[in-house]
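This is what each chain is made of:
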Amino acid sequence: MVPKISIYPDYNTMSSAAADRVIALLSKKPNAVICLPSGSTPLGMFRALAAANQKGLVDFSQCVYIGLDEWIGMGADDDGSCRDLLDKDFLKPIGFRENQIVFFDGKAMDPEAECVRVNKIVESLGGLDLIVLGIGMNGHLALNEPGTPWDTYAHISELDALTAEVGQKYFQKPTTLTKGITVGIRHILESKTAILIGAGAAKAPVIARALAFPVTSEFPATVLQNHLNAEFILDAEAGKELNQNA
Ligand code: PGA
């Protein structure tokens, strides 16, 4: 299926549209299983969701939140970790209870067992109702780096040099990033709805490739071309290399 493409004039309208998809799902299915990313791109969506929550326009109290990924060696107490950012930007402002949150522990003594733990929970919940993804500058989805086989559920990934470099933006001081723990491509493909959010001109070339390249594990975002219900929600800058007439 060709992913649906929705382009909005600016970051705020793009963010509100992404938030609206989450709100619509929760109004239809209050106990939905949602997997939302950390990073720069979702900040506006989180602000819109927190505002809607304040106004009583959405109810998160019955849903389950699954963390998308984490840096190996990091946890909630590490400034800039995925859990730290999610706590500050989304989970705490909304008021999620700890028993609604399933998050990879990047400090787990046995990371493989941590993958199994999360896989079992996601499976027992019947899979992900909604996954929202950013896109990396190398085409990664979550921390599924180029070359990740498509039959993977949660796994440990060896980070690309580009991911380790771009990832510095989340930290106050230089931080060595070598491995990640992440939901897998199968989680993405089996999710009922997958939304890729993209903002800013820097993402325009990778977003164009995600849609135009033949589907290849060398560019993980192309896998969304095989998803049965995927949507790209973009601001105009991120969408500017797409040929809307094609
Ligand atoms: P970003 O991260 O939203 O901070 O650009 C996206 C990603 O690397 O998946």
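As recorded by an unreviewed UniProt entry, the chain carries the name Glucosamine-6-phosphate deaminase 1 and is attributed to Dyadobacter linearis.

(A) Here's a closer look at the site of the ligand. In the vicinity of the ligand, the contacting residues are Gly-39, Ser-40, Thr-41, Gly-134, Ile-135, Gly-136, His-140, Lys-169, Tyr-170 and Lys-203. Measuring from an oxygen atom of the ligand, one finds a side-chain N or O atom of Thr-41 at 2.5 Å. Lys-169 places a polar side-chain atom, nitrogen or oxygen, 2.8 Å from an oxygen atom of the ligand. Coverage of the ligand by the protein chains reaches 85% of its 280 Å² of free accessible surface. Residue classes in the shell around the ligand are distributed as two nonpolar, six polar and two charged.

(B) Highlighting the packing of aromatic side chains. In this structure the tally under the stated criterion is 10 aromatic pairs. Arranged with centres 6.4 Å apart and planes meeting at 40°, the rings of Trp-71 and Tyr-170 form a pair that is tilted. Here the residue Trp-71 occupies a position in strand E4 (residues 69-71), and Tyr-170 occupies one in the loop between helix H5 (161-166) and strand E8 (179-182), the gap between them amounting to 99 residues. Here Trp-71 falls in the buried class, since its relative accessible area comes to 5%. Classification of Tyr-170 by relative accessible area gives partly exposed; the value is 25%. Through pairs of rings, three or more aromatic residues link up here, namely Phe-46, Phe-60, Tyr-65, Phe-90, Phe-96 and Phe-103.

(C) Up close: the pairing of strand E10 (residues 230-235). Extensive coverage of E10 is indicated by the burial of six of its six residues. Residues Ala-230, Phe-232 and Leu-234 of E10 are buried on one face, and the alternating residues Glu-231, Ile-233 and Asp-235, pointing to the opposite face, are buried as well. Where strand E1 (residues 4-8) lies against E10, five bridges are found, and the strand directions are parallel. Residue pairing in the sheet places Ser-6 in a bridge with Ile-233 of E10. As paired strands, strand E9 (residues 193-198) and E10 are joined by five bridges and run parallel to one another. Its bridge partner lying in E10, Leu-196 is registered against Phe-232. Between the parallel elements E9 and E10, the chain passes through helix H7 (residues 204-212) in a crossover that is right-handed.

(D) Region of the structure containing the sheet that holds strand E6 (residues 130-133). If you trace the seven strands from one edge of the open sheet to the other, you get E1-E10-E9-E6-E2-E3-E5, paired in parallel fashion. Looking at strand neighbours, the two that pair on one side only are E1 and strand E5 (101-102), the edges of this open sheet. In this structure, strand E2 (residues 33-36) lies alongside strand E3 (residues 64-67), joined through four bridges in parallel fashion. What sits directly across from Cys-35, in E3, is Ile-66. Along the sheet face, helix H3 (residues 82-94) touches E2, E3 and E5 and points at about 145° away from the line of E3.

(E) Broad picture of the nonpolar core. Of all hydrophobic cores here, the largest spans 41 residues; its most connected members are Ile-34, Leu-36, Leu-49, Phe-60, Tyr-65, Phe-90 and Phe-96. Among the elements of the structure, helix H1 (11-28), E2, helix H2 (43-54), H3, E6 and E9 are those that each provide at least two residues to this core. At eight residues, H1 tops the list of elements feeding residues into this core. In contact with Leu-49, not counting residues within four places along its chain, are Ala-19, Val-22, Ile-23, Leu-36, Val-58, Phe-60, Phe-90 and Ile-94. Leu-68, Val-206, Leu-211 and Ala-238 belong to the second largest nonpolar core, which has 37 residues in total.

(F) Spatial organisation of H3. The first and last C-alpha atoms of H3 sit 17 Å apart over 13 residues, in line with the 18 Å expected at 1.5 Å per residue. The sharpest bend along H3 reaches about 45° and sits at Lys-88. Within the span of H3, buried status applies to Cys-82, Arg-83, Asp-84, Leu-85, Leu-86, Asp-87, Phe-90, Leu-91 and Ile-94. Against E2, H2, E3, E4 and E5 lie the buried residues of H3. Directly after H3, the chain includes Gly-95, whose backbone phi takes a positive value near 90°.

(G) Structural view of the UniProt feature "domain: Glucosamine/galactosamine-6-phosphate isomerase" (unreviewed entry) in the chain. When the UniProt feature table is mapped to this numbering, "domain: Glucosamine/galactosamine-6-phosphate isomerase" (unreviewed entry) covers residues 16-226. Secondary structure across residues 16-226 divides into 35% helix and 15% strand, with the first and last C-alpha atoms of the span separated by 26 Å.

Basis of the calculations
- Numbering of residues begins from 1 in every chain and follows the order in which that chain's sequence is written.
- Where local features are concerned, this predicted model is filtered to residues with pLDDT of at least 70; where side-chain atom pairs are given and counted, the filter is 80 or more; whole-chain, interface and lining totals use all residues.
- Processing note: side-chain calculations cover all non-hydrogen atoms of the structure and skip hydrogens and water entirely.
- We call a residue near a molecule or strand when any one of its heavy atoms sits within 4 Å of it.
- Distance and chemistry together define a polar contact, namely a pair of N or O atoms within 3.5 Å, with one atom able to donate a hydrogen and the other to accept it when in protein, and with adjacent residues in sequence counting only for side-chain atoms on both sides.
- Working definition of accessibility: Shrake-Rupley area with a 1.4 Å probe, residue cover restricted to the visible protein chains.
- Charged means Asp, Glu, Lys or Arg here, nonpolar means Ala, Val, Leu, Ile, Met, Phe, Trp, Tyr, Cys or Pro, and polar covers whatever is left, Gly included.
- Pairing of aromatic side chains here covers Phe, Tyr and the six-membered ring of Trp, requires ring centres within 6.5 Å, and sorts the geometry by plane angle: under 30 degrees stacked, over 60 edge-to-face, intermediate tilted.
- The way it works is that DSSP assigns letters per residue, a run of H or I at least four long becomes a helix, a run of E at least two long becomes a strand, and they are numbered from the N terminus.
- Residue burial is assigned from relative accessible area. The probe radius is 1.4 Å, only protein chains are included, and a residue is buried under 20% of its type maximum, exposed over 50%, and partly exposed in between.
- When DSSP finds at least two bridges between two strands, those strands are taken to pair.
- With the strands aimed away from the viewer, a crossover counts as right-handed if its path from the first strand over the helix to the second runs clockwise.
- Contacts between residues were defined by any pair of non-hydrogen atoms, one from each residue, lying within 4.5 Å.
- In this analysis an axis means a line fitted to C-alpha atoms, helices contributing only their contacting stretch, and an angle means the value between N-to-C directions, from 0 to 180 degrees.
- Throughout, nonpolar core names a set of buried Ala, Val, Leu, Ile, Met, Phe, Trp, Tyr and Cys residues whose side chains join them through atoms within 4.5 Å.
- What a helix should span is 1.5 Å times the count of its residues minus one.
- Fitting one axis to the seven residues ending at a residue and another to the seven starting there, the bend at that residue is the angle between the two axes.
- UniProt positions are given in the numbering used here, feature names are shortened, and annotations may be inferred rather than shown by experiment.

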